[in-house]
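The primary structure of each chain is shown beneath.
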Amino acid sequence: MKANVIVFPGSNCDRDVAVALEQTTGTPPAMVWHGETSVPDCDLIVLPGGFSYGDYLRSGAMAAHVPVMRDVVKRARAGTPVLGICNGFQILIEAGLLPGALMRNASLRFICRDVHLRIERNDTAFARCYDRNSPIRVPIAHHDGNYFASEDVLDELEDRQRVAFRYCSNDGTVIDAANPNGSQRNIAGIYNETFTVLGLMPHPERLIDPALGGEDGVAMFRSLVETLH
Amino acid sequence: MKATVKITLKNGVLDPQGKAIAHALEALGFSGIGEVRQGKLIEIDLGETDRGKAEKAVEDMCRRLLANTVIENYDIELVDQ
């Protein structure tokens, strides 16, 4: 699997995701600087976490319009899988590849802690190695992760089963108390119409080794490798 | 020409920052504080002298970058300089 990680000024999880990809695929991904006008041919594009452009205007708003993103959007629309983690999710939304908005956390606080996620479906390129019946534990670290969309958009996401992950309790129950940031319907991640673009606020790349406190993030990268080879 | 763009949250979109400001004002002893909503103000100097063209350009700027129309409304004011 050939992966490209797009690096923006202010990205800070680009190296983490590169390590996760290299550990699962055996090949280091290409790191593509935001000023490039195109990305090399690849099987996967990753938009990493961080604070691109200092979160100026709105998180992800500046990064969504840099030169390299025109090619990312073009490739995503042509079917190249794209994974956006945290700031990457915010960028995917601002670039119009995913619907909705990510607003300031309801508590107004930056939240950095582990959360549990319910796997809504495990028949996609990103989640096939997960078990739908066992919730996973991964960290979140964000200030703007409060997912918002109009009721129509939310209903459409539900009807088409495009919700990827929901915040849940450690036994997998989706309840308000397990919602860290006020996201509507406990949404932590969503897919595009073709399930080739995934955006999520939690950081699977931060839990890929027992030395880091857990391995629940590994299955996402293994899923990608098994699907995309 | 100068454009002033006022960006506000749409009705129905929760504004936790506005709420925090309201609480802080009450804590300072201000009474009668109702709902507080926080927004953004962006000023842009434009080379364009034609009002119609300037308005169209700023409208485009708002839709493509300045506002997120999922959650925000925008209001444009143009002033000759």
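Quick summary incoming for the structure in this document. (Residues numbered from 1 in each chain as written. Chains lettered and ligands numbered in written order. Predicted model: local features only at pLDDT ≥ 70, side-chain atom pairs only at ≥ 80, totals over all residues.)

### Some thoughts on the overall build of chain A
Our working definition: Counting from the N terminus, the helices are DSSP H or I runs at least four residues long and the strands are E runs at least two residues long. Based on C-alpha atoms, the radius of gyration is set beside the globule rule, defined as 2.2 Å times the residue count to the power 0.38. Neighbour density around each residue's C-beta defines its exposure: 20 or more other C-beta atoms within 10 Å make it buried, 12 or fewer make it exposed, and counts between make it partly exposed, where C-beta atoms are placed from the backbone.
Secondary structure summary: chain A contains five helices and eleven strands in total. The C-alpha atoms of chain A give a radius of gyration of 16 Å, which matches the 17 Å a tight globule of 229 residues would have. Along the first, second and third principal axes, the C-alpha set of chain A runs to 45 × 35 × 35 Å. Scored against the burial criterion, the 229 residues of chain A give a buried share of 54%.

### A word on unusual backbone geometry
Residues and elements named next belong to chain A. For cysteine 86, which is not glycine, the phi torsion reads 55° and is therefore positive. With respect to the secondary-structure elements, cysteine 86 resides in the loop between β4 (82-85) and α3 (87-94). Here the phi dihedral of histidine 229 falls at roughly 55°; this positive angle occurs in a residue that is not glycine. Here histidine 229 shows up in the segment after α5 (218-228). In this structure histidine 229 comes out as exposed when scored by C-beta crowding, with 9 C-beta atoms within 10 Å.

### Side note on the sheet that holds strand β1 (residues 2-9) of chain B
Residues and elements named next belong to chain B. Note the cut-off: When DSSP finds two or more bridges between two strands, those strands count as paired. Lines are fitted to the C-alpha atoms to define the axes, a helix being fitted only along its stretch in contact, and any angle between axes, read from their N-to-C directions, falls within 0 to 180 degrees.
One open sheet holds the three strands; their spatial order is β2-β1-β3, and the pairing between them is antiparallel. Looking along the sheet, the strands with just one partner apiece sit at the ends: β2 (40-45) and β3 (72-79). Strand-to-strand twist across the sheet, computed as the mean angle between neighbouring axes with direction ignored, equals 20°. In this sheet, β2 lies alongside β1 in antiparallel orientation, the contact comprising six bridges. Looking across to β2, one finds that valine 5 is bridged to isoleucine 42.

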